[in-house]
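# Results of the structural survey
If you want the building blocks of each chain, they are given just below.
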Protein chains: 2
Amino acid sequence: MDRDAVEAAAERLRGQIRRTPTLRCEALDRRAGAELWLKAENLQHVGAFKARGALYTLGRLSEAERGRGVITYSSGNHAQAVALAARRHGVEADIFMPEDAPAVKVAAVRALGARIHVAGTTSSHRRQAALDHHARTGAVIIEPFDHDDIIAGQGTATLELLDDVAVATGHDLDALLVPVGGGGLIAGACLACEGTDTKIYSVEPVGCDAMARSLAAGERVAVEPGPTLADGLKPTQVGVKNFAIAATHLAGSFTVDDDELGRALVALAVRAKVVVEPSGAAALAVALRGALPGRPKRVGVLLSGGNLAPTLLAELLTRYGPGEVEA
Amino acid sequence: MDRDAVEAAAERLRGQIRRTPTLRCEALDRRAGAELWLKAENLQHVGAFKARGALYTLGRLSEAERGRGVITYSSGNHAQAVALAARRHGVEADIFMPEDAPAVKVAAVRALGARIHVAGTTSSHRRQAALDHHARTGAVIIEPFDHDDIIAGQGTATLELLDDVAVATGHDLDALLVPVGGGGLIAGACLACEGTDTKIYSVEPVGCDAMARSLAAGERVAVEPGPTLADGLKPTQVGVKNFAIAATHLAGSFTVDDDELGRALVALAVRAKVVVEPSGAAALAVALRGALPGRPKRVGVLLSGGNLAPTLLAELLTRYGPGEVEA
């Protein structure tokens, strides 16, 4: 796979997804010591970049495959994305979600007309439940990240970001920060950046750094994901295809803790006026350290999604908001 | 004045302001029973549309005028906008703000390098203080709304909105909802909509409906602004120029109470993933009633600004968020 696959996906997705805006915010730029180009995928359909891969993948199924229905497993945003894509294509959808999925994500999947099945708390648990269902019914599994079409679809977010930056500045990004769960978004980003000098970095929660550990080991390593605010970034393992692409493209890896995630999320709400979920704030959290190697001038930041409980948002604003006003 | 004045302002402002995105949100569309086209001026420089008028007005001052410095009076967003414009043009700025201005707005004005003077609680109080300062110093008063250049500058937001809707749908807006304080944004909107069939409605907080009362009386009427969450929509009186334009262009007027403002603000955060201040949620609050005359299909909603205390945002999310998740 290469950049052509992402461009083909972008062509096919035209009119089906939103071309989300790339946001600027001088206050955040000052803290980061760089121009931040914030790709607002929280403003995408279903509130997350996941709509891209799901719509592309379902759109490429045959009539016969669609007739058998689709299955997926997800902590939330991919579930919503598949439910949306299934509804648009008139396909039945069965979705396996963890016991601790945020209520706001479960409610959204239900509102889109998909059947929800609760299955354990880890990605392994829910993947197994989905496989069992597939064995019984023959329905098509829509992988959350480890699939060519999913990767190509998610890559379109980065393609748009690069395009916006090129139009505005005449340059490519110097660096790009991407939150990593299973690796769909970053694998797509790697392909989209082919032919540029953009250095791509993965960002994972502390204790959930399956990508960083896999890169260090030179092979995929499974983790027992620790607790984190970033419910979308807790896979047991990154995907096979995702790791293969990342291993040949990434410039480095970062981890962020809950305190940094909360501060970055509140900074986005107060300064940039957008709502992201904790996973969606991960890339900005690293940018705000102002310590990327080589002091890049133009830094891309993927704001991956915006689905979180209003009560959690309120709690984080109460904790970190006053400091933000004085900053 | 007419649409040409707004187009001239748009030409002059190119590259100085952000072309903010027009957002869509299916969940809000369903509630409104219409396509909502949300013009996100909360994403503008200084977090509000006010940057447009201030940058345009200061940009047209003579060298001699700039040398004398500028003065303004404002509850917050116009203050920030003038401070920003003054800094960009290398001009001294003295800003008169009310005692009860939100701390987040005062801090932002200070950070932009302007001198702040505290003056009473109403727009009349702070206007008088500004006039006194002008009499002493000869510095140029940058009116918050009652000025041709301010009106033309603010109108550029609506011009962009109309353009986005036309590109996406091939049509004009059927209706446009505009929050009204002194009337700068709506007067500009009226001019920008000339030549279209768009019906324009003013939205004011209950007890602060100076425009609605003036339209009913056929002349400008002063009000004693009652308490409202919408700190940006509390003028004693709409402007002379603003009223003259509105009186010949508006299709009607609405008022909204704090409960509706809070619900609309939280709906925007949870559903559309953007942060607005209470004033910025006023137009959406009316749209969500789903009861506009003539059942318009395409409704423009001006999200005028996004500057509010994080603690207030937290409080509103706590109060209205749980209902929003179940909706």
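In this convention, every chain numbers its residues from 1, walking through the sequence in written order. Written order determines the labels here, with chains lettered from A and ligands numbered from 1. Note on the predicted model: pLDDT of at least 70 is required for a residue's local features to be given, and 80 or more for side-chain atom pairs to be given and counted; whole-chain, interface and lining totals, by contrast, use all residues. Note: side-chain values were computed over all heavy atoms of the structure, leaving out hydrogens and water.

Below, the discussion takes up the relation of the copies chain B and chain A. Turning one copy of the chain about an axis and sliding it along that axis gives the other copy, so a rotation and a shift relate them. The copies were overlaid by least squares, fitting only the C-alpha atoms of residues that reach a pLDDT of 70 or more in each copy. Here chain B sits on chain A after a turn of 180° about the axis and a move of 0.0 Å along it, with an RMSD of 0.0 Å. On this basis, the relationship between the two copies can be described by a two-fold rotation axis. In this assembly the copies share their binding face: 100% of the residues contributing to the interface of chain B also contribute to that of chain A. Whether two residues are in contact is decided by their heavy atoms: any pair within 4.5 Å suffices.

Attention now goes to the sheet that holds strand 3 (residues 70–73) of chain A. All names here are of chain A. The parallel open sheet is built from 4 strands, whose spatial order is 5-4-3-6. Both edges of this open sheet fall to strand 5 (115–118) and strand 6 (140–141), since each of them pairs with a single strand only. Interaxial angle, 0 to 180 degrees, is taken between N-to-C directions of lines fitted to C-alpha atoms, where a helix line uses only the stretch in contact. The numbering of helices and of strands both runs from the N terminus, where a helix is a DSSP run of H or I of at least 4 residues and a strand a run of E of at least 2. Along the sheet, helix 6 (residues 103–111) makes contact with strand 4 (93–97) and strand 5, crossing strand 4 at roughly 170°. The criterion for strand pairing is that DSSP finds at least two bridges linking the strands in question.

This part takes up the packing of aromatic side chains. All names here are of chain A. For Phe, Tyr and Trp, rings pair up if their centres lie within 6.5 Å, where Trp contributes its six-membered ring, and each pair is then called stacked (planes under 30 degrees apart), edge-to-face (over 60) or tilted (otherwise). Enumeration according to the criterion identifies 2 aromatic pairs over all chains in this entry. Both rings, one in Y201 and one in F254, keep their centres 5.5 Å apart while their planes meet at 50°; by these two values the pair is tilted. Highlighted residues: Y201 in strand 8 (residues 199–205) and F254 in strand 9 (residues 252–256), separated in sequence by 53 residues. For the pair shown, Y201 and F254 are each scored as buried. Criterion for a charge above a ring: Arg CZ or Lys NZ at most 6 Å from the ring centre, at most 35 degrees from the ring normal. Geometry around W37 places R24 over its ring, the cationic atom sitting 4.2 Å from the centre. Working definition: with a 1.4 Å probe on protein chains only, accessible area under 20% of the residue-type maximum means buried, over 50% means exposed, and in between means partly exposed.

Time to look at the packing of helix 9 (residues 184–192) of chain B against helix 11 (residues 240–249) of chain B. All names here are of chain B. Running from N to C, helix 9 and helix 11 cross one another at 50°; their axes reach a closest spacing of 9 Å. In terms of orientation, helix 9 lies oblique with respect to helix 11. For the pair helix 9 and helix 11, the crossing hand works out as left-handed. Where helix 9 approaches helix 11, its residues G184, A187, C190 and L191 are matched on the opposing element by N242, I245, A246 and H249. Residue composition of the contact of helix 9 with helix 11, grouped by class: 5 nonpolar, 3 polar and no charged. For classification purposes, angles smaller than 35 degrees are called roughly parallel, those larger than 145 roughly antiparallel, those between 65 and 115 roughly perpendicular, and all remaining angles oblique. Should the near helix be turned anticlockwise from the far one by less than a right angle, the crossing is left-handed, and should it be turned clockwise, the crossing is right-handed. When residue character is reported, Ala, Val, Leu, Ile, Met, Phe, Trp, Tyr, Cys and Pro are called nonpolar, Asp, Glu, Lys and Arg charged, and the others, Gly included, polar.

Let us now look at the environment of A:A51. Residue and element names in this part refer to chain A. Secondary-structure assignment places A51 in helix 3 (residues 50–59). With relative accessibility at 0%, the residue A51 sits in the buried group. With near-sequence residues (within four places) excluded, A51 lies in contact with I17, Q44, H45, V46 and A81.

All right, on to the interface of chain B and chain A then. Listed per partner, the contact involves 29 residues of chain B and 29 residues of chain A. By buried area we mean how much accessible surface two parts lose on assembly, using a 1.4 Å probe and totalling the loss over both. Together chain B and chain A conceal approximately 2,200 Å² of surface at their shared face, both sides included; 68% is due to carbon and sulfur atoms. Considering only the surface of chain B that becomes buried against chain A, B:K273, B:P310 and B:V325 emerge as the three largest contributors, covering 28% of it. One speaks of a salt bridge when a side-chain nitrogen belonging to Lys or Arg is within 4 Å of a carboxyl oxygen belonging to Asp or Glu. Here chain B is connected to chain A by 2 salt bridges. Note that A:R18 and B:E26 form a salt bridge whose closest N and O atoms lie 2.8 Å from each other. Listing elements by their share of the side of chain B that touches chain A, those giving two or more residues are helix 6 (103–111), helix 12 (258–272) and helix 14 (310–326) of chain B. Tallying contributions element by element places helix 14 of chain B first for the side of chain B that touches chain A, with 9 residues. The residue inventory of the side of chain B that touches chain A, partitioned by class, reads 17 nonpolar, 8 polar and 4 charged.

Further remarks concern the pattern of salt bridges. On inspection of all chains with the given rule, the structure shows 48 salt bridges over all chains. In this structure, A:E11 and A:R14 form a salt bridge, with 3.1 Å as the shortest nitrogen-oxygen distance. Note on accessibility: A:E11 and A:R14 belong to one class, exposed. Here B:K105 ties to B:D231 by a salt bridge, and the two come within 2.7 Å at their closest N and O atoms. Within this pair, whereas B:K105 is found in helix 6, its partner B:D231 is found in the loop between helix 10 (210–217) and helix 11, the two being separated by 126 residues in sequence. For B:D231, a relative accessible area of 19% puts it in the buried group.

So, on to the sheet that holds strand 6 (residues 140–141) of chain B. Residues and elements named next belong to chain B. Here 4 strands make up an open sheet; going across it, the order is 5-4-3-6 and the pairing parallel. A strand with exactly one partner marks an edge of an open sheet, and here the two such strands are strand 5 (115–118) and strand 6. Bridge count for strand 3 (residues 70–73) against strand 6 is 2 bridges, and the pairing is parallel. Among the inter-strand pairings, I71 is bridged to a residue of strand 6, identified as I141. Where helix 6 meets the sheet, its contacts fall on strand 4 (93–97) and strand 5, and the angle it forms with strand 4 comes to roughly 170°. In the packing of helix 7 (residues 123–137) onto the sheet, contacts are made with strand 3, strand 4 and strand 6, and the angle to strand 3 comes to roughly 165°.

The next point concerns the nonpolar core. Grouped together as the largest cluster of nonpolar side chains are 96 residues, with contacts concentrated most on A:L38, A:L177, A:L268, B:L38, B:L177 and B:L268. Not counting chain neighbours up to four residues away, the residues in contact with B:L177 comprise B:Y201, B:V203, B:F254, B:A283, B:V286, B:A287, B:L292, B:V299, B:G300, B:V301 and B:L302. Remark: nonpolar core denotes a set of buried residues (Ala, Val, Leu, Ile, Met, Phe, Trp, Tyr, Cys) joined through side-chain atoms within 4.5 Å.

With that settled, the discussion passes to the packing of helix 1 (residues 3–13) of chain A against helix 8 (residues 148–169) of chain A. All names here are of chain A. Close contact between helix 1 and helix 8 brings their axes to 8 Å; oriented N to C, the two are set at 90°. With respect to their mutual orientation, helix 1 and helix 8 come out roughly perpendicular. Across the interface between the two elements, R3, A5, V6, E7, A9, A10 and L13 from helix 1 touch A152, G153, G155, T156, L159 and L162 from helix 8. Looking at the contact of helix 1 with helix 8 residue by residue, the classes come out as 8 nonpolar, 3 polar and 2 charged.

Let us look at the environment of B:D2. Residues and elements named next belong to chain B. Structurally, D2 is set in the segment before helix 1 (3–13). Along the backbone, D2 and C193 are 191 residues apart, and their C-alpha atoms lie at a distance of 9.5 Å. In this view, D2 contacts L191 and E194; residues no more than four positions away in its chain are not counted. Distance and chemistry together define a polar contact, namely a pair of N or O atoms within 3.5 Å, with one atom able to donate a hydrogen and the other to accept it when in protein, and with adjacent residues in sequence counting only for side-chain atoms on both sides. Engagement of the side chain of D2 in a polar contact is seen with the backbone nitrogen of D4, the distance being 3.0 Å.

All names here are of chain B. Along strand 7 (residues 175–179), 5 of the 5 residues are buried, which leaves the element largely enclosed by surrounding structure. Taking every second residue as pointing to the same face, both faces of strand 7 are buried, with A175, L177 and P179 on one and L176 and V178 on the other. Two elements, strand 7 and strand 8 (residues 199–205), share 5 bridges in a ladder whose sense is parallel. Following the sheet pairing, V178 is matched in strand 8 by S202. Crossover handedness is defined by viewing with both strands directed away from the observer: a clockwise path from the first strand over the helix to the second marks the crossover as right-handed. Remark: the strand 7/helix 9/strand 8 crossover connection has right-handed handedness. Bridge analysis of strand 7 against strand 10 (residues 298–303) gives 3 bridges, and the strand direction is parallel. Considered in strand 10, the bridge of A175 is made with V299.

Here we take up the domain arrangement of chain A. Interface size is commonly expressed as the accessible surface area that is lost when the partners come together. All names here are of chain A. Domain borders in the structure are assigned automatically or taken from a domain database. According to the domain assignment, chain A consists of domain 1 (3–48 + 148–326) and domain 2 (50–141). On the side of domain 2, 26 residues touch domain 1, which itself brings 32 residues to the contact. For the domain 1 and domain 2 pair, buried surface summed over both sides reaches about 2,200 Å², with 51% attributable to carbon and sulfur atoms. Three residues stand out in domain 1 for area buried against domain 2, namely R12, V46 and D149, and they jointly supply 25% of the buried area on that side. Scanning the region where domain 1 abuts domain 2 turns up 15 residue pairs in polar contact (both at pLDDT 80 or more). For the side of domain 1 that touches domain 2, the elements supplying multiple residues, two or more each, are helix 1 and helix 8. Across the side of domain 1 that touches domain 2, the residue classes break down as 13 nonpolar, 10 polar and 9 charged.

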